[in-house]
Amino acid sequence: MAKRITVQTPNMIDTFNEFKENKNIDRTTLVSVLEESFRNVISKIYGSDENFSVIVNPDKGDFEIYRNRVVVEDDEVTDENKEISLTDAQKIDPDYEPGEDVSERIEFAKFGRRAILNLRQTLASKILELEHDSLYNKYKDRVGQIVSGEVYQTWKREVLIVDDENNELILPKSEQIPNDQYRKGETIRAVILRVDNENNNPKIILSRTSPMFLERLLEGEVPEINDGLISIKKIARMPGERAKVAVESYDERIDPVGACVGVKGSRVHGIVRELCNENIDVINYTSNIKLYIQRALSPAKVSSINIDTENHKAEVYLKPEEVSLAIGKGGLNIKLASMLTEYTIDVFREIDADQQEEDIYLDEFADEVDQWVIDSIKRIGLDTAKAVLKAPREMLVEKADLEEETVDNLLSILRAEFEN
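Report follows, based on the coordinates. (Residues numbered from 1 in each chain as written. Predicted model: local features only at pLDDT ≥ 70, side-chain atom pairs only at ≥ 80, totals over all residues. Heavy atoms only, no water.)

### Overview of the packing of helix α2 (residues 27-46) against helix α4 (residues 113-139)
Packing of α2 against α4 leaves a shortest axis separation of 9 Å and a crossing angle of 140°. Classed by the angle they form, the pair α2 and α4 counts as oblique. Here the hand of the crossing between α2 and α4 comes out right-handed. Taken together, the residues of α4 that come into contact with α2 (itself represented by Thr29, Val33, Leu34, Glu36, Ser37, Phe38, Asn40, Val41, Lys44 and Ile45) are Ala115, Asn118, Leu119, Thr122, Leu123, Lys126 and Leu130. Taken together, the residues of the contact of α2 with α4 sort by class into nine nonpolar, five polar and three charged. (Axes fitted to C-alpha atoms, helices over the stretch in contact; angles between N-to-C directions. Helix = DSSP H or I, 4+ residues; strand = E, 2+ residues; numbered from the N terminus. Parallel < 35°, antiparallel > 145°, perpendicular 65-115°, else oblique. Left-handed = near helix turned anticlockwise from the far one by under 90°. Contact = heavy atoms within 4.5 Å. Nonpolar A, V, L, I, M, F, W, Y, C, P; charged D, E, K, R; others polar.)

### Focus on the packing of aromatic side chains
This structure, assessed with the given rule, holds three aromatic pairs. Between Tyr46 and Phe52, the ring centres sit 4.9 Å apart and the planes meet at 45°, which makes this aromatic pair tilted. On the basis of an interplanar angle of 75° and a centroid distance of 5.1 Å, the ring pair of Tyr285 and Tyr292 is categorised as edge-to-face. Tyr285 gets classed as partly exposed once you look at its relative accessible area, which sits at 27%. The ring of Tyr285 is capped by Lys233, whose NZ or CZ atom sits 5.3 Å from the centre of that ring. (Phe/Tyr/Trp six-rings, centres within 6.5 Å; stacked < 30°, edge-to-face > 60°. Buried < 20%, exposed > 50% of the residue type's maximum accessible area, 1.4 Å probe, protein only. Lys NZ or Arg CZ within 6 Å of the ring centre and 35° of its normal.)

### With respect to the packing of helix α5 (residues 211-221) against helix α8 (residues 266-274)
With their axes 9 Å apart at the nearest point, α5 and α8 run at an angle of 145° to one another. Note on packing geometry: the crossing formed by α5 with α8 is right-handed. On α8, the residues touching Phe213, Leu214, Leu217, Leu218 and Glu221 of α5 are Arg267, Ile271 and Glu274. The residue inventory of the contact of α5 with α8, partitioned by class, reads five nonpolar, no polar and three charged.

### Here we look at the environment of Thr154
Position of Thr154 relative to the elements: it lies in strand β5 (residues 146-154). Once the C-alpha coordinates of Thr154 and Lys44 are considered, the two residues, 110 residues apart in sequence, prove to be 43 Å apart. Contacts of Thr154, omitting those with residues within four sequence positions, involve Val159 and Tyr182.

### Side note on the sheet that holds β5
A barrel is described by the order of its strands in space; here five strands give the closed sequence β5-β6-β7-β9-β8, paired in mixed fashion. Neighbour-to-neighbour, the strand axes of this sheet turn through a mean angle of 55°, independent of strand direction. Bridge count for strand β6 (residues 158-162) against strand β7 (residues 168-172) is five bridges, and the pairing is antiparallel. Bridging across to β7, Leu160 finds its partner in Ile170. On the sheet, α4 packs against β5, β7, β8 (187-198) and β9 (201-207) and is oriented at approximately 35° with respect to β9. (Pairing = 2+ DSSP bridges.)

### Observations concerning the sheet that holds strand β12 (residues 279-284)
The sheet built from three strands is open, its strands ordered β10-β11-β12 with mixed pairing. Of all the strands in the sheet, the pair left with one neighbour each is β10 (230-238) and β12. Recorded for the sheet is a direction-independent mean angle of 20° between the axes of neighbouring strands. Taken together, the six bridges between strand β11 (residues 242-249) and β12 define a ladder with parallel strand orientation. Bridge pairing links Lys244 to Asp281 in β12.

### Quick notes on the pattern of salt bridges
Under the defined criterion, the tally for this structure stands at 27 salt bridges. Between Glu104 and Arg69 there is a salt bridge whose closest N-O contact spans 2.8 Å. Pair noted here: Glu104 is in strand β4 (residues 101-105) and Arg69 is in strand β2 (residues 62-72), with a separation of 35 residues, a long-range link. The buried category is assigned to Arg69, whose relative accessible area is 11%. (Salt bridge = Lys/Arg side-chain N within 4 Å of Asp/Glu carboxyl O.)

As structure tokens, this is what we get:
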């Protein structure tokens with residue numbers, strides 16, 4: 001048998017061995033990739049690799065290549081790649097006869113620098129392809145799970161994070177909590193939002209703003225959720241500011257709110273810290289939509305509710321002192337309540353029966369109020385002076401998209417009319 005030769009391609013072998021160590025590629029795949037890389041180069045040189053034998057030993061970093069041809073008479077050679085003349089065959093071994101197979105060792109190094117460079121490029125391409133497959137297979141079924149990683153680089157639009165196998169993960173700006181601060185080398189946690197694989201180039205997208213992240217954090221802190229005794233029905237978040245969580249217990253002996261919050265807030269304290277001091281309200285879920293909306297508007301106390309189930313709208317009436325609580329700072333409480341219940345919630349001040357007066361349509365104030373202001377108010381469903389006066393000032397500013405000064409001027413004109 002021909003003596004085994006070692007081709008001097010240390011960079012290529014070192015690269016592949018490093019890849020094997022880092023990516024945990026099995027031996028069968030190692031051999032297959034190396035063989036395919038060699039065959040790719042052989043095909044470019046000889047036009048075909050079908051009559052070549054490639055023997056790879058990745059552990060020692062060497063390989064053997066043999067070209068297999070059939071011996072034919074000197075004047076019968078039609079394909080030099082598959083046939084060898086009797087004269088040339090007998091130069092290898094004088095005993096060869098026509099019809100016998102000749103296995104000739106090919107010294108790859110003699111093909112020159114260009115062939116070896118081609119081999120390395122082919123191998124690098126295969127390695128990159130395997131890296132992509134490995135990354136995609138590792139994460140494709142882990143969407144919704146929490147992953148920890150080290151901050152490697154921060155940019156304006158995203159943060160690059162590496163996991164324990166040095167895989168690259170992306171945390172976009174849109175998925176970062178506004179008050180998050182990232183420093184290179186620190187460890188952060190996030191939920192796997194999705195795995196993109198366009199053109200076999202997988203991208204692992206993380207999120208710290210998704211409701212899934214809060215849900216997984218609660219599962220980790222509250223054993224009853226992890227055990228299936230308490231279910232998280234819905235989460236509404238304004239990342240970094242406030243969140244509302246609706247929970248339900250499958251065991252009547254367990255108070256789901258108390259279990260989630262813990263003694264003196266012990267169970268949510270770590271989560272609040274993780275989420276940059278995001279306040280977390282936990283409420284009991286119920287299929288009774290009126291009661292559900294009432295609980296969602298906590299800490300405000302609701303006097304009465306009118307429900308339009310077909311259009312998913314709710315009119316909520318409260319005592320004047322409760323209105324600001326229902327709306328919350330910057331309208332945060334009512335926004336979260338709407339997100340949690342999936343109902344559009346309009347808040348109104350409750351007026352006693354002895355305060356009822358004849359109402360006036362807004363259009364009658366056209367001589368004192370600009371028509372565009374009247375139209376803006378009417379677009380949010382308020383047609384009369386009394387309806388506007390009952391509505392919270394904050395809601396008029398936000399929903400009608402009016403300046404505070406404009407709203408104050410309008411309210412002043414309407415009040416003056418009733419006082420007169």
